[in-house]
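# Summary of structural features
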Amino acid sequence: MMFPVFLGEQVPPETLASTLAELERCLQLLEDKFLKDQDFLAGPHISVADLVAITELMHPVSAGCQVFKSRPKLAAWRQRVETAVGKDLFQEAHAVVMKAKDLPPADSAIKEKLKPLVQVLLQ
């Protein structure tokens, strides 16, 4: 959803609603099928699976979605991942994506080059 915003395009409400519904479904699946009652996704220790998953979840967080707010199990997992990685490294790793929403829209030349792609994404 950040790509159209970066280009200064509006995301259609139905696309946004559909995307948020899919995010909720995926979060539930992550909790139920992968995290279960474990400390980490693949067992008692942090793994590449946790690092990939947390990186993906930080994208909607950077757009303002409060992914962890109503999900205490995921929030506790996120905290364990941050602790395992180290708070400073965790923050550094996600610094760029967390600033994405603050970027100004792309200039008109870039918009024109990417417009066909955005149209496909918004359908």
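Values in this document were obtained by computation on a predicted structure and should not be read as measured data.

### Remarks on the overall build of the protein chain
- Broken down by element type, the protein chain carries six helices and zero strands.
- Listed by position from the N terminus, the elements making up the protein chain come as α-α-α-α-α-α.
- Counting the 123 residues in the protein chain, one finds 28% classified as buried.
- Counting only contacts in the protein chain whose residues sit at least 6 apart along the sequence, the fraction spanning at least 24 positions is 69%.
- Accessible surface computed for the protein chain: about 8100 Å², of which carbon and sulfur atoms make up 62%.

### Quick look at the packing of aromatic side chains
- Counting across every chain of the model gives zero aromatic pairs.
- Taking NZ or CZ as reference, R78 lies 5.8 Å from the ring centre of F68, over its face.

### Here's the deal with the nonpolar core
- The biggest cluster of nonpolar side chains holds 18 residues, and the ones touching the most others in it are I54, L57, M58, V67, F68, L74 and W77.
- For this core, the elements supplying multiple residues, two or more each, are α2 (13-35), α3 (48-62), α4 (72-85) and α5 (87-98).
- If we ignore the near neighbours within four places in the chain, the residues touching W77 are L35, D39, F40, L41, D50, A53, I54, L57 and F68.

### Some remarks on the pattern of salt bridges
- This model, assessed by the stated rule, comprises six salt bridges.
- Taking the shortest distance from any N to any O, the salt bridge between E22 and R25 comes out at 2.7 Å. Of the two residues, E22 and R25 are both situated in helix α2; the distance of three residues between them amounts to about one turn of the helix.
- R25 sits in the partly exposed class, given a relative accessible area of 45%.
- Each of E24, E31 and R71 takes part in one network of salt bridges that share partners.

The rules behind each value
Residues numbered from 1 in each chain as written. Predicted model: local features only at pLDDT ≥ 70, side-chain atom pairs only at ≥ 80, totals over all residues. Heavy atoms only, no water. Helix = DSSP H or I, 4+ residues; strand = E, 2+ residues; numbered from the N terminus. Buried < 20%, exposed > 50% of the residue type's maximum accessible area, 1.4 Å probe, protein only. Contact = heavy atoms within 4.5 Å. Areas by Shrake-Rupley, 256 points an atom, 1.4 Å probe, with all protein chains shown as cover. Phe/Tyr/Trp six-rings, centres within 6.5 Å; stacked < 30°, edge-to-face > 60°. Lys NZ or Arg CZ within 6 Å of the ring centre and 35° of its normal. Core = buried A, V, L, I, M, F, W, Y, C linked by side-chain atoms within 4.5 Å. Salt bridge = Lys/Arg side-chain N within 4 Å of Asp/Glu carboxyl O.

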